[in-house]
Amino acid sequence: MTTVETVRSAASIDYQFIARPAWLDAAVESSPGGTLDFLRLTTLDGEAMEAALWRPADCSAETPLVVAIHGSGSNFGKLPTRALGAGLAAQGYAVLGINTRQHDDGVCRENFYAIRCDIEAAVYVARALGHRSLVLLGHSLGCIQALFYAATSWAPDVKAVVLCGMFANFPRKS
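Since the structure is predicted, the reported quantities are computational estimates derived from the model, not experimental observations. (Residues numbered from 1 in each chain as written. Predicted model: local features only at pLDDT ≥ 70, side-chain atom pairs only at ≥ 80, totals over all residues. Heavy atoms only, no water.)

### Examining unusual backbone geometry
Part 1 of the argument: Cis peptide bonds are those with omega within 30 degrees of zero, and the linkage from L79 to P80 qualifies with 5°.
Part 2 of the argument: Checked against the element boundaries, P80 lands in the loop between β4 (65-69) and α1 (81-90).
Part 3 of the argument: Even without glycine at this site, D104 takes up a positive phi of about 45°.
Part 4 of the argument: Turning to its location among the elements, D104 is positioned in the loop between β5 (94-98) and α2 (112-128).
Part 5 of the argument: Judged by its relative accessible area of 26%, D104 is partly exposed.
Part 6 of the argument: A positive phi angle is found at W154, which is not glycine, with a value near 50°.
Part 7 of the argument: Accessibility expressed as a relative area gives 72% for W154, which makes it exposed. (Helix = DSSP H or I, 4+ residues; strand = E, 2+ residues; numbered from the N terminus. Buried < 20%, exposed > 50% of the residue type's maximum accessible area, 1.4 Å probe, protein only.)

This is the structure:
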């Protein structure tokens, strides 16, 4: 005999819009006519992370969204993410820059499986915001993390992977 039960969730990726983080440098700004919002995302494994969302004025579901993954010890408020966020938004793209677990003091403590959860959360939030065309952008060590996510997810809405500033100083990081 089958009983009818209430639908339950076993896991979820949550997000909420938040105030500008106090630690963030004043150089992080929106593009002219665009917007800059901040979010807190919670990954499937329960880790919270902050993100910045740059959008053009005419943002819609047709606007491609770039998920920006920084390098080891960096964050979305540093170059190149902050410049790319404002610059790409001025050209009609949305950019979601995330702080992965390897941000700031997390330098040299990378775990590809954990960072994959961070990228996955950003991709699901981008979809929840209505974007249907996504691009992964990796910088430094974020390059191979973006590649790892793309190679293990095969998501049809991820249309491209852009790599800039491949990581260096490998012996120090290994």
